[in-house]
Amino acid sequence: MTRHPHTRPPILADVARAAGVSVPTVSRVLSGSAPVSADKRRQVLRAIQELGYRPNAAARALVTGRRSIISVLTSDTTRYGYASTIRGIEEAARAVGLVVALTMLDGDDEESARVAVDLALDQPLAGMIVLEFDIQGSRALAALPDTLPVAAVSSAGQGRSVPRALFDDHAGARDATNYLLGLGHRTVHHVGIPASGRPSGRLLGWREALEAAGAPVPEIVESDGTPRSGLQAGARLARRGDVTAVLCGNDEVAFGVIKALQDEGSRVPEDVSVVGFDDHPLAEIWTPSLTTMSQDFAELGRMAVDFLLGRLAGVPVATPRSTPRLVVRKSTAPPAR
C-alpha cells in the first residue's frame, strides 16, 4: 500500500481497521500488556507493515525495559534462503519498532557457537532468532540460556523445545522425487547439501519416495551447497552414464550440476532431468529454466518474529509448517526412450 506525499501518517485506528480488529487489540499487540491470539497478532503485524505505520514508544515497550534488539544468529548472509529469511525477520521487526542485529556463526564446533552466543548476549536483547539451517545453527541454539526468549527457523523440530517456523523440506523432496518418477524415470539421483547435524529432510524425503515406489536408491553425491560444488557433482554424475534424473539440495547446486552435465555432452532435460530446491531468483532465467521446489523464506522469517513476540507477550504459540510448492519449468522431461 503506497501513501501519497500529503496524506497524514497512519494512526492506531487505521491499523485496527486494516487488520479487522479493535484498537485495544492493536495496542495489546504493540505493548504486550495482555495475551492476543496468534492469528490476530499476525493480522495486526501485517497491517502495520502494509500501512507503513511507525510505532511510538508504546510499541517499543513491547520488550522489557529499554531493550529493543532482536539478535539473529546465522552462519551465512549470502545464500538465497538465508538472505531472504533475514529480510523477512527485519521487515517484521521494523514494523513493531524492534532493531535486528546479526551475529555470524563462523565455525561449526561448540566453542565457536559459545563465542558467538556470548557476543550476541552482550547486547540489550529483547530476544533471539536462530537460523537452524545447518550444524552451526543447531549448536548455537543448544548454547543459548533457557531464560532468553528464543525462536528458530528450521527444517526439523528436534532438539531444544523452542517455537519454530518450520519449512517441510521432507515433504518437498518427496514430492519432487515422485514428480520425476511420475515422468517415467527409473530412479532419481540426489546431490545433498550440509544439514543441521542429522540427515536433512530433503535427503529423507527423497529416500522415502524411492523406497515407497520400489525404485533403486542410488548413492548420494555430496556438495557444500555452492554452485562450484554442483559443478563437481554434475561431472561425477555425467561420467556414470546411467543417470536420467537428479534432485539437487538447492538451486545453486542445480545451476552447477546443469552446467557440468552440458559441459560433459549431456542435454538437459533430453538426457537428464534436473530439479532444484528453493526457487532462487535466477531459476526462472537459467538455461534451461529450472524446475524447483519454491519456498517463501521471507514469510518464515516473519513467522519467527511473530513467535518471538508471542513469547514476550505470554501467548501460546502454534507451530505452522510451510510446505514447498513444485514449480515446473524446462529442466525436466520424460526420459529418452
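Up top is the structure.
Residues numbered from 1 in each chain as written. Predicted model: local features only at pLDDT ≥ 70, side-chain atom pairs only at ≥ 80, totals over all residues. Heavy atoms only, no water.

Asker: Sorry, what's going on with the packing of helix α8 (residues 169-182) against helix α9 (residues 201-213) here?
Answerer: In a packed pair of helices, the relevant descriptors are the angle between the two axes and the axis-to-axis distance. At a closest axis distance of 7 Å, the pairing of α8 and α9 adopts a crossing angle of 40 degrees. Taken together, the axes of α8 and α9 are oblique relative to one another. The element α8 and its partner α9 pack so that their crossing is right-handed. Along the contact surface, α8 presents D169, H170, A173, R174, T177, N178 and L181, while α9 presents G201, R202, L204, G205, W206, E208, A209, L210 and A213. (Axes fitted to C-alpha atoms, helices over the stretch in contact; angles between N-to-C directions. Helix = DSSP H or I, 4+ residues; strand = E, 2+ residues; numbered from the N terminus. Parallel < 35°, antiparallel > 145°, perpendicular 65-115°, else oblique. Left-handed = near helix turned anticlockwise from the far one by under 90°. Contact = heavy atoms within 4.5 Å.)

Asker: When you look at α9 in this model, what are you seeing that I'm missing?
Answerer: Because each turn of an α-helix spans 3.6 residues, side chains separated by three or four positions end up pointing in the same direction. Over its 13 residues, α9 runs 18 Å from end to end, which matches the ideal 18 Å to within 8%, given 1.5 Å per residue. Taken as a whole, α9 has its buried residues at G201, R202, L203, G205, W206, A209 and L210. Residues of α9 that are buried sit in contact with β5 (164-167), α8, β6 (189-192), β8 (245-248) and β9 (273-278). One or two steps after α9, the chain reaches G214, where phi turns positive at roughly 70 degrees. (Expected span 1.5 Å × (residues − 1). Buried < 20%, exposed > 50% of the residue type's maximum accessible area, 1.4 Å probe, protein only.)

Asker: Looking at this structure, how should I read the pattern of salt bridges?
Answerer: Any two side chains of opposite charge can pair, given that their charged atoms come close. Counted according to the given criterion, the structure contains 19 salt bridges. With a closest N to O distance of 3.1 Å, R17 and D14 form a salt bridge. Within this pair, R17 and its partner D14 are both found in helix α1 (residues 12-19), separated by three residues, close to a single helical turn. Residue classification places R17 among the exposed positions, given a relative accessible area of 62%. A salt bridge links R267 to D271; the nearest nitrogen and oxygen atoms lie 3.0 Å apart. Several salt bridges share partner residues, and in doing so they unite R46, R87, E91, E299 and R302 into one network. (Salt bridge = Lys/Arg side-chain N within 4 Å of Asp/Glu carboxyl O.)

Asker: Explanation requested: the packing of aromatic side chains in the structure shown.
Answerer: When we look at a pair of aromatic rings, we describe it by the centre distance and by the angle of the planes. For the coordinates displayed, the defined rule picks out six aromatic pairs. Each ring, one from Y80 and one from F297, has its centre 5.9 Å from the other, and the planes form 90 degrees; the classification is edge-to-face. A residue pair is termed long-range when its members are at least 10 positions apart, and Y80 in helix α5 (residues 80-95) and F297 in helix α12 (residues 297-313) qualify at 217 residues. We classify F297 as buried; its relative accessible area is 3%. When the centroid spacing of 6.0 Å and the interplanar angle of 70 degrees are considered together, the rings of F167 and F297 count as edge-to-face. Separated by 130 residues along the polypeptide, F167 in strand β5 and F297 in helix α12 bring together distant segments of the chain. The same class applies to F167 and to F297, which are both buried. By way of ring pairs, the aromatic residues Y80, Y82, F133, F167 and F297 are connected into one cluster. (Phe/Tyr/Trp six-rings, centres within 6.5 Å; stacked < 30°, edge-to-face > 60°.)

Asker: What should I look at first to understand the sheet that holds β8 in this one?
Answerer: Read across the open sheet, the six strands follow the order β7-β6-β8-β9-β10-β12; overall the sheet is mixed. Edge strands, defined here as strands with exactly one partner in the open sheet, are β7 (221-222) and β12 (325-327). Strands β8, β9, β10 (291-294) and β12 of the sheet are contacted by α8, whose axis makes an angle of about 165 degrees with β9. (Pairing = 2+ DSSP bridges.)

Asker: Which parts of the structure should I look at to understand the nonpolar core?
Answerer: Of all hydrophobic cores here, the largest spans 39 residues; its most connected members are V15, V44, I48, I129, L131 and V153. Ranked by residue count, the leading element in this core is α12, at eight residues. The residues touching V153, leaving out its near neighbours within four places in the chain, are T85, I129, V130, L131, E132, F133, A165, L300 and A304. Judged by nonpolar contacts, the second largest core, of 18 residues, contains V221, V253, F255 and L261. (Core = buried A, V, L, I, M, F, W, Y, C linked by side-chain atoms within 4.5 Å.)

Asker: Quick question: what am I supposed to make of the sheet that holds strand β2 (residues 99-104) here?
Answerer: Strand pairing in a sheet relies on backbone hydrogen bonds, with the paired strands running either antiparallel or parallel. A sheet is described by the order of its strands in space; here six strands give the open sequence β2-β1-β3-β4-β5-β11, paired in parallel fashion. In the strand order of this sheet, the two ends are held by β2 and β11 (321-322), each with one partner. Pairing of strand β3 (residues 125-132) with strand β4 (residues 150-154) involves five bridges; the strand directions are parallel. Bridged to E132 within β4 is S154. Along the sheet, α5 contacts β1 (69-74), β2, β3 and β4; its crossing angle with β3, the most-contacted strand, is approximately 160 degrees.

Asker: When you look at the pairing of β2 in this model, what are you seeing that I'm missing?
Answerer: A regular strand carries its side chains on alternate faces of the sheet. The sheet contact formed by β1 and β2 spans six bridges and is parallel. Paired with L73 across the strands is T103, a residue of β2. The parallel pair β1 and β2 is bridged by α5, and the resulting crossover is right-handed. (Right-handed = clockwise from strand over helix to strand, strands pointing away.)

Asker: Explanation requested: unusual backbone geometry in the structure shown.
Answerer: Glycine aside, negative phi is the norm for most residues, and most peptide bonds take the trans geometry. The linkage connecting V268 with the following residue, P269, adopts the cis geometry, with an omega of 15 degrees. For P269, the location among the structural elements is in the loop between α11 (251-263) and β9. Backbone torsion omega between T287 and P288 reads -5 degrees, so that peptide bond is classified as cis. Within the secondary structure layout, P288 lies in the loop between β9 and β10. At D278, a position not held by glycine, the phi torsion is positive, near 115 degrees. Topologically, D278 is positioned in strand β9. With a phi angle near 65 degrees, D279 is a residue other than glycine that sits in the positive phi range. Relative to the elements of secondary structure, D279 occurs in the loop between β9 and β10. A residue is classified by how much of its surface remains accessible, and D279, at 17% relative accessible area, is buried.

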